Amino acid sequence: MRHLMSPLDLSVPELEKLLDLASDIEKNPKKYAHTCDDKRLATLFYEPSTRTRLSFEAAMMNLGGKVLGFSSADSSSAAKGETVADTIRVVSCYADICAMRHPKEGAPLVASMVSNIPVINAGDGGHQHPTQTLTDLLTIRSLKGRLDNLTIGLCGDLKYGRTVHSLIEAMSRYKDIQFVLISPEELKIPGFIRYNVFENQGVSYTEVSSLEEAMPKLDVLYMTRIQRERFDDPWEYERLKDSYVLDTEKMKLAKGKMCVLHPLPRVNEISVKVDDDPRAAYFRQALNGKYMRMALILKLLDEAARNPAKEAIDTTGLEYDRVCRNPKCITQTEQELPQLFRCTDKAADIHRCVYCEQRA
Ligand code: CP
């Protein structure tokens, strides 16, 4: 049985097939209208969502299936102290597949380790958001006609923006990709992405603080919201919240065929006047989320039917004798979980937590 925790769980050929399937679903919706007639999707959302939860639910309904779930931790037995592992064991009795969003990094991975049904990470803290990335890839491919040979600017909160982390990991596997990372000093890309992508794979990138300076080079501009809910210090958020505002003046600096993406919700980092610019693609991107999630549900259910055995994580070389200090890691709130670390650099003695990928 396959789960989806990170975009890297799908090989590039698998990704291409999934994008093709999503495009076919968009063109021929009737063909897929009864493909999940007897199936149920559980949406387990411990954190707010509009697009991800509703597009998952719309996706399953468009496939003929049914949905159940909760939209906040307070309306589930998590409020009484139930663990993620116990929750998914129970949900496995009622549903065929589940999408989980959780504020703690690594929570969907914990679920996948004990689940009898496929688990999809619908966003875990400031870590990963792989289904947003699938949506982003479908949007970029449909607008630019390719996923290689692109200069991609990522602007805003690159530290806590989980969509940025997943998108960088996914795009780094394509040829001739250049990243321009546009952020204030305090919100630069975190260590695990620096390590996984830039140090380990030698992917080309530059870091700048000026959006105006970056604009003329970009084929894709990926704007992000400053993630208020991830800040420990509310004053730090107040200081940084208006770091970047994309407006019609800045759009004049961009290529005629650049496209502007944003995972949404937006606060004020894109002026509403930009919405009328034909290069603004963020609402189209939200629509693509539904087709992409339809394709993903079909793929994971098909694989689960062929191979229903539980998927154990690869424990080769894992170490257990350290403690994760990341306060946003699921191991901080669910203390009975085994601490699991992978050595990522023997010479420098660097170990990363398997759940949140932060350094020990
Ligand atoms: N893009 C995204 O994850 O939006 P929601 O938080 O509304 O699901």
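The preceding data block contains the structure.
What comes next concerns the included structure. Only a predicted model underlies this, so the values are computations on that prediction, with no experimental measurement involved. Residue positions within a chain follow its written sequence, with the count starting from 1. Thresholds applied to this predicted model are a pLDDT of at least 70 for local features of residues and 80 or more for the giving and counting of side-chain atom pairs; totals over whole chains, interfaces and linings are not thresholded and use all residues. Note: side-chain values were computed over all heavy atoms of the structure, leaving out hydrogens and water.

The subject of this paragraph is the side chain of Ser6. When you line up the elements, Ser6 lands in the segment before helix 1 (12-27). Whenever a nitrogen or oxygen atom comes within 3.5 Å of another N or O atom, the pair is scored as a polar contact, on the condition that within protein one atom can donate a hydrogen and the other can accept it, and that pairs from neighbouring residues in sequence are kept only if both atoms are in side chains. There is a polar contact of 3.0 Å between the side chain of Ser6 and the backbone nitrogen of Leu8. Contacts are assigned to residue pairs that have any heavy atoms within 4.5 Å of one another. Those residues in contact with Ser6, other than ones at most four positions away along the chain, are Gln128, Pro130 and Glu169. For the purposes of this entry, the term helix denotes a DSSP run of H or I that reaches at least four residues, the term strand denotes a run of E that reaches at least two, and both are numbered from the N terminus.

Let us look at helix 1. Between its terminal C-alpha atoms helix 1 stretches 23 Å, which fits the 22 Å expected from 16 residues at 1.5 Å a residue. Here the term buried applies to any residue with accessible area under 20% of the maximum for its type, exposed to any over 50%, and partly exposed to those in between, with areas from a 1.4 Å probe on protein chains only. Every buried residue of helix 1 is listed here: Leu15, Leu18, Leu19, Ala22, Ser23 and Ile25. The buried residues of helix 1 occupy one face: seen down the axis, they fall within an arc of 160 degrees. Set apart from the buried face of helix 1 by more than 90 degrees, the exposed residues are Pro13, Lys17 and Lys27. For helix 1, the secondary structure elements touched by its buried residues are helix 5 (130-144) and helix 11 (282-306). The span one expects for a helix is its residue count, reduced by one, times 1.5 Å. It is the directions from the helix axis to the C-beta atoms whose arc is reported.

Our focus in this paragraph is the site of the ligand. Taken together, the neighbourhood of the ligand is formed by Ser49, Thr50, Arg51, Thr52, Arg101, His129, Gln132, Pro263 and Leu264. One of the side-chain N or O atoms of Arg51 is found 2.9 Å from an oxygen atom in the ligand. The contact in question runs from an oxygen atom of the ligand to an N or O atom on the side chain of Arg101, over 2.9 Å. Burial of the ligand by the protein chains amounts to 91% of its free accessible area of 250 Å². Counted by class, the shell around the ligand contains two nonpolar, five polar and two charged residues. Nearness here has a simple test: a residue counts as near a molecule or strand if at least one of its heavy atoms is within 4 Å of that partner. Note that accessible areas follow from Shrake-Rupley with a 1.4 Å probe, and for residues the cover is restricted to the protein chains shown. Only Asp, Glu, Lys and Arg are considered charged, only Ala, Val, Leu, Ile, Met, Phe, Trp, Tyr, Cys and Pro nonpolar, and every remaining residue, Gly among them, polar.

Taken N-terminus to C-terminus, the directions of helix 5 and helix 11 make an angle of 115 degrees; their axes are 8 Å apart at the nearest point. One element, helix 5, and the other, helix 11, form an angle in the roughly perpendicular class. Relative to helix 11, the crossing made by helix 5 is right-handed. Counted together, Thr131, Gln132, Leu134, Thr135, Asp136, Leu138, Thr139 and Ser142 of helix 5 and Gln285, Asn288, Gly289, Met292, Arg293 and Leu296 of helix 11 form the full contact between these two elements. Of the residues contributing to the contact of helix 5 with helix 11, the split by class is four nonpolar, eight polar and two charged. All axes here are fitted lines through C-alpha atoms, helices being fitted over the stretch that makes contact, and every angle between N-to-C directions spans 0 to 180 degrees. To sort the angles, those under 35 degrees are grouped as roughly parallel, those over 145 as roughly antiparallel, those from 65 to 115 as roughly perpendicular, and the leftovers as oblique. Here a crossing is taken to be left-handed if its near helix is turned anticlockwise relative to the far helix by less than a right angle, and right-handed if that turn runs clockwise.

Turning next to the sheet that holds strand 1 (residues 40-45). Pairing within the open sheet is parallel, and its four strands lie in the order 2-1-3-4. Strands with a single pairing partner mark the edges of an open sheet, and in this sheet they are strand 2 (66-70) and strand 4 (119-124). Mean inter-strand twist for the sheet, computed between neighbouring axes without regard to direction, equals 15 degrees. Most of the contacts of helix 2 (residues 51-62) go to strand 1, to which it runs at about 175 degrees, and overall it touches strand 1, strand 2, strand 3 (97-102) and strand 4. The criterion for strand pairing is that DSSP finds at least two bridges linking the strands in question.

Examined against the element boundaries, Ala42 turns out to sit in strand 1. Overall, the relative accessible area of 1% leaves Ala42 in the buried class. Residues Ala42 and Val114, 72 residues apart in the sequence, show an inter-C-alpha distance of 16 Å.

With that settled, the discussion passes to the pairing of strand 3. Taken across its six residues, strand 3 has six buried, putting it largely inside the fold. Alternating positions in strand 3 separate into two faces, Ile97, Ala99 and Arg101 on one and Cys98, Met100 and His102 on the other, with burial throughout. Pairing analysis gives five bridges linking strand 1 to strand 3, with the strands arranged parallel. Residue pairing in the sheet places Phe45 in a bridge with Arg101 of strand 3. Pairing between strand 3 and strand 4: four bridges, direction parallel. Counterpart to Met100 in the pairing with strand 4 is Asn121.

Two joining distances apply to patches: 9 Å for like charges and 5 Å for nonpolar side chains (Val, Leu, Ile, Met, Phe, Trp, Tyr), and every residue must have over 30% relative accessible area and no salt bridge. Salt-bridge detection follows one rule: a side-chain nitrogen of Lys or Arg within 4 Å of a carboxyl oxygen of Asp or Glu. A contiguous nonpolar surface patch, about 250 Å² in accessible area, is contributed by Leu68, Val90 and Tyr94. As for its position among the elements, Leu68 is in strand 2.

All told, the structure shown has 27 salt bridges when counted by the stated rule. Lys299 is paired through a salt bridge with Glu14; the nearest N and O atoms lie 3.7 Å apart. Of this pair, Lys299 sits in helix 11 while Glu14 sits in helix 1, and the two are 285 residues apart along the sequence. In this structure Lys299 comes out as buried when scored by relative accessible area, which is 17%. We classify Glu14 as partly exposed; its relative accessible area is 22%. Between Arg322 and Asp321 there is a salt bridge, with its nearest N and O atoms 4.0 Å apart. The class for Asp321 is exposed, based on a relative accessible area of 64%.

None of the figures reported here should be taken as evidence of function without further support.
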